[in-house]
Every structure is written in C-alpha cells, then in structure tokens.
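A structural walkthrough
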Amino acid sequence: MTETLTDANANPMGRPLRRKEDARLLHGQTNWTDNIQLPGTLHMAILRSPMAHAKITNLDVSAALKRPHVVAAFTAKDLGDLNGSVPCVWPVTDDIQMPGFPALAVDKVRHVGDCVAVVLATDKYAAADALDAIEVDYEPLPAVIDMEAAIKQGSTAVHDAADGSLGTNVCYEFPLKPQGDGAFDAAVKAAGDDVVVVKRRFINQRIIAGYMEPRAVVASPMGMSNEMTIWSATQIPHVLRVLLALVTGMPENSLRVIAPDVGGGFGGKLQCYREEILAVQIARHLGRPVKWTETRSEDMVASHHGRDQIQDIQIASTKDGQIIALKVDLIANMGAYLQIITPGIPLLGMFMYPAIYKMPTYEFNCVGVFTNTTPTDAIRGAGRPEATFAIERIVDELAAELDMDPMKLREMNWIKHEEFPYATVAGLTYDTGNYEAATAKAMDLFGYDALRAEQEQRRASGDPVQLGIGISTFTEMCGLAPSRTLGALKYVAGGWEHCTIRALPTGKIELVTGTSPHGQGHETAWSQIAASILGVPVDDIEVIHSDTGRAPYGMDTYGSRSLAVGGQAIKKAAERLVEKAKVIAAHQLECSVDDLEFIQGAFRVKGDPAKSQPLAAVAFEAFSAHNLPDGVEPTLQAEATVDPDDFSYPHGTHLCAIEVDTETGKSKIRSYVAVDDVGIQVNPLIVEGQVHGGLACGIGQALYEGVEYDSDGNLLTASFADYLIPSAADLPSFTTDRTVTPSTTNPLGTKGVGEAGAIASPPAIINAIVDALRPMGVTDVKMPATPENVWRAINAGKGGAQ
Amino acid sequence: MTHIPISVTVDGTVYDVEVEPRRLLVHFLREDIGRVGTVVGCDTSNCGACTVLLDGKSVKSCSVLAVQADGHVVLTVQGLAEGEHQWHPVQTAFKECHGLQCGYCTPGMVMAAVDLLQENPNPSEEEIREGLEGNLCRCTGYHNIVKSVEYAAELMGGK
Ligand code: FES
Ligand code: FES
C-alpha cells in the first residue's frame, strides 16, 4: 500500500507520498504550545464578562492578590499604557468606524467573554481559583443582538458617542456597482415581459472554527540579547510579530514569534488576539515568562466566530433561463469589535456571487454592523462560503421557478471551457477552468439519472422518506494575493511569499518557507516540489517554518495561499540554487556552463555522461571554497520572494443525495460526490484529505452547527456539549475525484484546496433537502438543517405554524 | 491544598508522586510527569483528545482524577509501540491511510481505535463510526480515519 520512492530517479511531484510529519505526530512526540514549561512561569487566568453589554461600576483585584501562589493581578487601569489595543488591518472604506478594542475592557464590556481582569500565579489551578476573589459589579446596558434592529435609528450603540464613536452600529457600507446604481432594476425593466425574478433571504449562520487544539501562548522575556520569545498556537507567526511590535511598541527586531506544532486553525488562529497581547505585555512588565492556555469554554466566547450574514439576493433571467442580472444586499455581523480582518471578510465574497455564471449585470452592497457578540473574522473560506451558498441556492430556486432541471440551468449559464480566460461581471479574470469536465465526471460517479428516477418513484408512492438531490457547481478565489490588489482594497499588508533553500555541506537540504502549516502537510509537499527540481530524495529535505528566528520572512498560511503563492517561491528558489551550483560545477568539470545539463540531481557534461558532478559535491565545494570560480561567493543557497500575478480559481461539482424523513425531519446523507479541479496536484493524498476535511466543516454548517445567543446576548452554545462539531457517526464516507485544468497564474499550475470543501458543500446539502421537500411547498430550510428546522420548514410549506 | 501520594504506572514506568485530590489525570500526565503526547481539547468530556488506556480500557483522562489512577496502569500514545522507533499497527495504518492532519486529535483517536479493535477485531464501517463517536476531529472529516481503522484491523489479522 505504501507509496515509497524506491526509484531514486522518480519525480516525486504528483505522488501520494505518505507524510513526513506523521511519525512524530503518531507517537506523541509533539511540541504544542501548551507543552512548553519554562522555569519561573506565571500562569495567566482571565476574568471574563458574563454580560453582553454593561458598565463596570466596581472592579477590585486586591483580594485575589492574597490568594496562594498569586503573584500579580491587573485591571485595565492597572495596566495603563501596557493595555494594548487589538489591531484591525483592513479598514475597508475611508469612513469606516474603527472603535478601539482594548485588551482588557475599559469601563464597559461589550460581549460575553470580554476580558475584564487577569490573575498571574505560579500554579495554573491557583490562578483560576483566584478569579473568584476579584470583586466586580456591572450595570447592565441593553444588549444589541439582532443585526437589523442594531442598524435602526435609536438603537443602543455598541460603541456610543460617549465612547468617542459615531453612536451608530453601522461599521461601514461598501457598494460594488460595476453597472451603476439601480442596474438590476433597469435590467429587469429592459427585459420587458421576458423576465423571471426570484428573490430570497438567506441566513448564513454564525459558526466557530473548531480547531481541536485550544489557543495557547507563552511569552518569555528570557531570550538572548533583549529578545522576547513568543510561542503561540497561531497560523500567522510572521504577521503576529509585526502586529505585536506595532501594538506594544517593542522593537520588532527584539521579538521572536514561534508557532510550534499547531493543532488546526481554519482561520480561527489567523488573528492577533488580546490574550497574546496581554501575555507579552505582562511578561515584559514582570520580567518573567507568562503562559496562557484557553479552556474550550473560553474559546467559545473569546476566539473569533465566522459567517453571520443576512443575505438578500435577487436573480433575474429570461423565461428560457438566461441569467441577466444579480443583486446582493448583505448585512454582515462584525460582533462587538473589529479584529484583524473582520470588515474585509464579506468583501472577499463580494467578487464571488456571480460565481461560474455569465451575466451582464451585478449589484452588491454590504453593511457591516456592530452587535454585542463575539467579534467575527475569517473561518475556512472567509466570505466565499457565504457567497457560494447564496448563489448556488438561488440558482436552484430559479430552476424551480422556471421548472427546469437545476443542472440544465447551470449548464446554460456557466462559462464554457473555451471561453477562458473570462472577465467576470464582478471584475475578476478567471484564468482557466472546465466546468463541463468536472460536472460530467461528478454526474457519472453519482448516477444522477438513476437517483432522479428513484426520487420520482418515492414522490409517486408518497414515501414518508423522500429523496433529494443537491447540486453545487462552485468556484472560489485562492492564492491571497497580489500585493497591489490588496493595496487597492485598503488591506494594510502585502500577499507575497518567501523561500530560501540551502544545500548544506553534507548534501542535506534546508528549505525555509514563510508559510506556516498547522496540519496541511507542508513539510511533505514542499519537499516534493523542491526534490523534483533539485533531484534529491524527498527525505533529504528539511522544511523550516513558523519561527521568525529561523524563517524570518513570510506571510503565513490562510486563504488557500500556501501552495499557490508559497509554491512559486519554492520553485524559483530551487531553480536559482541550481543556477548557482551550475557555475561551480562547470568550474569543477572544466567546461562551460552551457555544456552542462542537470539531470537527476547531477550536472553532466552533454555528450560525455562519465563526466558529472552531483549537487552534494557542488555543495561541499561551495562550503570548503577551496576552488570556486572567480566572483562566486561561498555557500550554496538561493532565495526568492514572489508576489503572485493574480488569484487562482479552483472549481468543482459537488452532488449530494439526501434522504429526508418527512415525519421526523431527520436528514441522512446517502451519497456525496465531490469532483474538484484544484489544478496541478503536488500530493493527491493530501489534496484528498483537505477536501474531506473541508466537506466535514461545510456539512457541519449545513446540518449541525450554529452559534446561538439569546436576546440578552448570552451565548447558548458555549461548549462542545452545546455546539455540535460532527463526529464520525454524523458523517458519511465521501466519493472524491479530480479533474485537472492547470492554473496559468502561477508556474506550478496549482490552485488551492484548503477551503474548497467548506465552500462547496453547504449549498449542496441544503439544495438536496429543499429538493426532497419541494413538492410539499418547501422553498427554503434554515441552516443548520436540524430535524427541528426541517420539520418547521415542512410545516411552513403546508401553511402551518413555523 | 493537601496532597495525596499516588503510584501510577504510565507507559511502563512507575511514578510515585503527590497530587492534589482534584488534579485531573491528563494534567498529571502532561504537567507532572511530562507525558505531553496526550492532549486536552475541551472541558466538557466531549472531544476525546485526551483518551488513554486505563488498565487496558479507553478512558478520557480529563474525566478521571489522578488519584483514581493510583495503583493502576496507564498506556498513552507515547507508550503504545514497544521500544523506540516501533510502530503499533494502528499507528502504521493511520500513516498509510492519511488518517491525520494536524495530529491534535490523533493521540486520543489512536488509543480509542486500539480499544475499539480489542473489542471488535473486525468492525464494519458503521461500527467504526459509532465506536469513535466520542473522539472529535476537525481536520480529516473522518473518511481516512475510518479507512485507517479498517486497515489496522487487516494488519492485526482481524480481516
Ligand atoms: S479533553 Fe476533551 S474529552 Fe478530554
Ligand atoms: S487531525 Fe486535526 S483534529 Fe484530527
């Protein structure tokens, strides 16, 4: 079963190699942040607000200081200037409201879980115990929970005028109207009688990232030469270093951020969290290491949530199904504060509503709203799952309205493979794609016609268990991102990526990457890319990452960017290394550079195969430097920093068959077929694993998961007992396959796969359930489609109580 | 708080230590004796990341007190394969079938799978899914975990 490269000459690209990472992970030889135990460490425990919105009228930590093992305790007032403000780096409009986000709340708390005070003790249990001794009184304020109510005149403001804000809950409004304001209505009017308009409101509910490793941070001021070393369970050690320098005022060159083994992220660890700021500031203040590991219950209230949008969407087509216009109005929940890229998340979806469809007219508008809830930010897909859900759902609704097969309607409107590159109505240029090929393969694997026949039968016989078929023909944008584009969108940073490759004197290779894996298998995949160019065994390459001391340059891992952008840097660095080595080899072999060819890891004189020099020998020569050609510097290394030309656009066709028990509302996935086109695959085993995991997240959102608050802003889903992350028993096996249309926006032809499953699957699931129930008058089912929500939809369809 | 002496065998080594009565077994493993291969994922006994074998049966070590393990034998993922660089068939199968990504659920998932296969050497897909219900994984979607357990059963002669 094992795929090992016994043939040393075989090219490792595209092979399902077993992962290098796994031996360590499977034997518990791991280095999670919480494993780190430094002498003299103080454990930080955080008192969090139990109220969604309140004034702090009294706060006294003195009794906590008297508790055993307690060394210090702080409120915002005690910390003064050390109480940093959590940064937001994406002010999406010029007039965006960006209220401060103090790490420890100042005078007011604005969501359940807001940090009020901290205790530092030499023992973890003692720190937690001492929180009880803190005296705190709150004067409750009205909680702003409902987004629509929040933006009405007269609503209580989450950040009111007295706090120096505008006194409105509107954070920003962002329109995109390429054909002008009112273009949708004008297009409908112009179509005269030959038009069908379908309008829906979809709720893309709030979810959590659900990484299995809770967040943790250790900040130690005990490093070399004034260095503060920060270990954090983060996706973004490089970005975090810059932000911590800006927030704390500490010199950036004294900060070293290390993300050791990180147990999943899914966007939830793409953040500069208040707890990270507090740990660093307090470690600096007290001159000793500070450690904090969250409990899962803390994670539920304090780590950012995602999605949470109200989507009003309208689609217009001719009566025979040609789409003529699309209009999207979003209300997007920011939560109580803006975190790293909170405002930008809905806008990452803005470009993707037109999806794979050709249409002349598109209007988009987004209103970002503050509420007294945990801040939102990126979670797997970030804006694109929301867009994909809305468009794929409404295309099904349009098909129903037109009485057309939903796949036929899609085929009629999608971009044909010969039409690429294609400039979309939203302003993107899709480089390549083949929706026909992916769909044909998926339909084949799925058995579409047979399932439709069974559906007819069940309908005809009035079977209480109905069968539904759900389609999602999705695309997404990956490879964040061309720096100029990010600049144009007012994002503060760039989107480049870096790689350094060193050939060591012993022939081993060090590959230093700026990407920061947390489960993706970069060590294996990056080795495959470099090995294929350098002609060395995959196992001779050590991938160094996630430590700003050892891998100083990088933009980290999110947005399915690591391969699409980081892969380009690896390729370029490896090629540059070969170029340099060639000059040395030519000198060693006493020939001209042009006489050499590089085959299977050795330079050979063309036409004289006996004369050759392996890369390892060249590396040793570069090290000893006894006989280098004039002008060539010792050491054999090369680096590349690559800014991508454009995004890449993975796509695919997902088909789902669901049995819905119309008496109980229970849904059971009978089969799920996912054919993805992620371009060239470096390691298909890893690709498949990414698809599976994405599907589980998306199906989780569709069927099981949802963050819920009551009207007072209490979090009702505050633990894994109340928030249902699907288990093995809740999910089916998947049928996955790929079509390959190489991307032309990067030289490896890769696209990105980390988010595909999470983006594609929610509409496939909900379309299937609605399809099963449509004869009962059901036109929508709320996510998560729990038995209760399905039952309510059936009742509403019958005209009964909801 | 008073400390109580306990004697626990973990991965073949006997540890005689004193612990607070309220100390969780998983914190004893991780923080008192440095067996950090076993991890914590939640505080409501839902995730299974902390699963170990206690006298050969799988338990969630976050819901057992260290004092309850007094006089008993604990096996963690770090002691599963006897001897250095050795692989238990379940570990081999997880690598072969790509049954892990970030690896955080893995110590618990592997130990739960070992227990499952002890009870039922030849489980069906459904039995595997039901058997691992108490162990959450956010990375793999379980597809390859199920495959891993099936393959481990084969390696262990169950199939
Ligand atoms: S840590 Fe989650 S069940 Fe033990
Ligand atoms: S492999 Fe990451 S949680 Fe299971």
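Residues numbered from 1 in each chain as written. Chains lettered and ligands numbered in written order. Predicted model: local features only at pLDDT ≥ 70, side-chain atom pairs only at ≥ 80, totals over all residues. Heavy atoms only, no water.

On to the overall build of chain B. Check the secondary structure of chain B and you find five helices and five strands. When the elements of chain B are put in sequence order from the N terminus, they spell out β-β-α-β-β-β-α-α-α-α. Against the globule reference of 15 Å for 159 residues, chain B gives a C-alpha radius of gyration of 16 Å, in line with a compact fold. For chain B, the spread of C-alpha atoms along the three principal axes comes to 50 × 30 × 25 Å. Residue burial in chain B is summarised as follows: out of 159 residues, 57% are buried. Taking all contacts inside chain B whose residues are at least 6 apart in sequence as the whole, residues at least 24 apart take part in 55%. Looking at chain B as shown, the accessible area adds up to about 5900 Å², and 48% of this sits on carbon and sulfur atoms. Averaging the coordinates of the 11 positive side-chain charges in chain B and doing the same for the 21 negative ones gives two points 7 Å apart. (Helix = DSSP H or I, 4+ residues; strand = E, 2+ residues; numbered from the N terminus. Rg over C-alpha atoms; globule rule 2.2 N^0.38 Å. Buried < 20%, exposed > 50% of the residue type's maximum accessible area, 1.4 Å probe, protein only. Contact = heavy atoms within 4.5 Å. Areas by Shrake-Rupley, 256 points an atom, 1.4 Å probe, with all protein chains shown as cover. Lys, Arg positive; Asp, Glu negative; His and termini not counted. Charge placed at Lys NZ, Arg CZ, Asp CG, Glu CD.)

Before going further, it helps to spend a moment on the environment of Arg792(A). All names here are of chain A. Positionally, arginine 792 belongs in helix α21 (residues 787-797). For arginine 792, a relative accessible area of 32% corresponds to the partly exposed category. Separated by 151 residues in sequence, arginine 792 and threonine 641 place their C-alpha atoms 54 Å apart.

Let us look at unusual backbone geometry. Cis geometry is adopted by the peptide bond preceding Pro421(A), which originates at Phe420(A) and carries an omega value of -5°. Looking at the secondary structure, you find Pro421(A) in the loop between α12 (406-413) and β16 (422-423). Of note in this structure, Asp55(B) is not a glycine but carries a positive phi near 50°. For Asp55(B), the position within the fold is in the loop between β3 (51-54) and β4 (57-60). Phi angles above zero are rare outside glycine, and Tyr142(B) is one such case at about 70°.

Residue and element names in this part refer to chain A. On the basis of which strands lie adjacent, the open sheet formed by three strands has the order β22-β23-β24 and antiparallel pairing. Each edge of the open sheet is held by one strand with a lone partner, namely β22 (596-599) and β24 (608-614). Direction aside, neighbouring strands of the sheet carry axes that sit 35° apart on average. For β22 and strand β23 (residues 602-605), the ladder comprises four bridges, and the chain directions are antiparallel. Across the sheet, residue glutamate 597 finds its bridge partner in β23, namely arginine 604. (Pairing = 2+ DSSP bridges. Axes fitted to C-alpha atoms, helices over the stretch in contact; angles between N-to-C directions.)

Residue and element names in this part refer to chain B. Looking at chain B, the domain boundaries give domain 1 (4-79) and domain 2 (89-155). Measuring from the centre of the C-alpha atoms in domain 1 to the corresponding centre in domain 2 gives 21 Å. Taken together, both faces of the contact between domain 1 and domain 2 bury some 1200 Å²; the carbon and sulfur share is 55%. If you sort the residues of domain 1 by the area they bury against domain 2, Thr51, Leu53 and Val77 come out on top, with a joint share of 34%. Inspection of the region where domain 1 meets domain 2 yields two salt bridges. Notably, a salt bridge pairs lysine 57 with glutamate 119, separated by 3.0 Å at the nearest N-O pair. One can count nine residue pairs in polar contact (both at pLDDT 80 or more) joining domain 1 with domain 2. (Domains from an automatic or database assignment. Buried area = accessible area lost by both parts, 1.4 Å probe. Salt bridge = Lys/Arg side-chain N within 4 Å of Asp/Glu carboxyl O. Polar contact = N/O pair within 3.5 Å; in protein donor to acceptor, adjacent residues only side chain to side chain.)

Within the largest apolar cluster, 219 residues are counted, with the highest numbers of intra-cluster contacts made by Met44(A), Tyr353(A), Phe364(A), Tyr672(A), Ile765(A), Ile769(A) and Phe94(B). The element best represented in this core is helix α11 (residues 384-402) of chain A, accounting for nine residues. In this view, Ile765(A) contacts Cys656(A), Ile658(A), Ile669(A), Tyr672(A), Ile699(A), Ala702(A) and Leu703(A); residues no more than four positions away in its chain are not counted. (Core = buried A, V, L, I, M, F, W, Y, C linked by side-chain atoms within 4.5 Å.)

For the rest of this paragraph, the subject is the packing of helix α2 (residues 89-96) of chain B against helix α5 (residues 143-155) of chain B. The description of two packed helices rests on the angle between their axes and on the distance between the axes. Residue and element names in this part refer to chain B. Running from amino to carboxyl end, α2 crosses α5 at an angle of 135°, the nearest separation of the two axes being 8 Å. Judged on the interaxial angle alone, α5 and α2 are oblique. α2 and α5 meet at a crossing whose hand is right-handed. Facing Pro89, Val90, Thr92, Ala93, Phe94 and Glu96 of α2, the residues of α5 in contact are Ile145, Ser148, Val149, Tyr151, Ala152 and Leu155. Along the lines of polarity and charge, the residues of the contact of α2 with α5 split into nine nonpolar, two polar and one charged. (Parallel < 35°, antiparallel > 145°, perpendicular 65-115°, else oblique. Left-handed = near helix turned anticlockwise from the far one by under 90°. Nonpolar A, V, L, I, M, F, W, Y, C, P; charged D, E, K, R; others polar.)

The next point concerns the side chain of Arg307(A). All names here are of chain A. Inspection of the secondary structure puts arginine 307 in strand β13 (residues 306-317). Despite being buried, arginine 307 has no salt bridge partner; glutamate 386 is the closest side chain of opposite charge, sitting 4.1 Å away. A distance of 2.7 Å separates a polar side-chain atom of arginine 307 from the backbone oxygen of isoleucine 379. A distance of 3.3 Å separates polar atoms of two side chains, one belonging to arginine 307 and the other to glutamine 701.

Right, let's talk about the interface of chain A and chain B for a bit. With 57 residues of chain A at the contact, the number on the chain B side is 49 residues. Between chain A and chain B, roughly 4700 Å² of surface is buried when both sides are summed, and carbon and sulfur atoms account for 55% of that area. Together, Leu26(A), Tyr125(A) and Met212(A) form the three largest contributors to the area buried by chain A at its contact with chain B, with a combined 17%. Counting across the chain A and chain B interface gives five salt bridges. Inspection of the region where chain A meets chain B yields 28 residue pairs in polar contact (both at pLDDT 80 or more).

Here we take up the confidence of the model for chain B. Chain-level pLDDT for chain B is 96 on average; 97% of the residues reach the 70-or-more range. Predicted complex, confidence summary: ipTM 0.98, pTM 0.97. (pLDDT = per-residue confidence, 0-100.)

Residue and element names in this part refer to chain A. Packing of helix α19 (residues 684-704) against helix α20 (residues 756-773) brings their axes to within 7 Å, and their N-to-C directions diverge by 45°. One finds that α19 runs oblique with respect to α20. Where α19 crosses over α20, the handedness of that crossing is right-handed. In contact with Val691, Gly694, Leu695, Cys697, Gly698, Ile699, Gln701, Ala702 and Leu703 of α19, α20 contributes Gly757, Ala758, Ser761, Pro762, Ile765, Ile766 and Ile769. Among the residues making up the contact of α19 with α20, the classes are represented as eleven nonpolar, five polar and no charged.

Take a negative patch on the surface next. Residues and elements named next belong to chain B. Taken together, the side chains of Glu126, Glu127, Glu130 and Glu133 make up a negatively charged region of the molecular surface. As for its placement among the helices and strands, glutamate 130 is situated in helix α4 (residues 125-131). On the accessibility criterion, glutamate 130 (45% relative accessible area) is partly exposed. (Patch = residues over 30% accessible without salt bridge, like charges linked within 9 Å, V, L, I, M, F, W, Y side chains within 5 Å.)

Turning next to the packing of aromatic side chains. All names here are of chain A. Counted under the stated rule, the structure contains eleven aromatic pairs over all chains. Judged by centre distance (4.7 Å) and plane angle (45°), the rings of tyrosine 430 and tyrosine 649 are tilted. Separated by 219 residues along the polypeptide, tyrosine 430 in strand β17 (residues 429-430) and tyrosine 649 in the loop between β25 (636-642) and β26 (651-661) bring together distant segments of the chain. Exposure class is identical for tyrosine 430 and tyrosine 649. Each is buried. The interplanar angle of 85° and the centroid separation of 6.2 Å between the aromatic rings of tyrosine 672 and phenylalanine 734 together place this pair among those described as edge-to-face. With tyrosine 672 in strand β27 (residues 667-677) and phenylalanine 734 in the loop between α19 and β28 (735-738), this residue pair connects regions lying 62 residues apart in the sequence. Residues tyrosine 672 and phenylalanine 734 agree in their burial class; the two are buried. Site record: aromatic cluster; members linked through ring pairs are Trp414, Phe420 and Tyr435. A cation over an aromatic ring shows up here: arginine 215 above the ring of tyrosine 273, its NZ or CZ 3.6 Å from the ring centre. (Phe/Tyr/Trp six-rings, centres within 6.5 Å; stacked < 30°, edge-to-face > 60°. Lys NZ or Arg CZ within 6 Å of the ring centre and 35° of its normal.)

Moving on to the pattern of salt bridges. For the structure shown, the criterion picks out 57 salt bridges over all chains. Between Glu397(A) and Arg774(A) there is a salt bridge, and its shortest N-O distance comes to 2.7 Å. Of this pair, Glu397(A) sits in helix α11 while Arg774(A) sits in the loop between α20 and α21, placing them 377 residues apart in sequence. The residue Asp32(B) makes a salt bridge to Arg23(B) at a minimum N-O spacing of 2.8 Å. When its relative accessible area of 11% is taken as the criterion, Arg23(B) is described as buried. Salt bridges linked by common partners bring Arg48(A), Arg215(A), Glu275(A), Glu294(A) and Glu298(A) together as one network.

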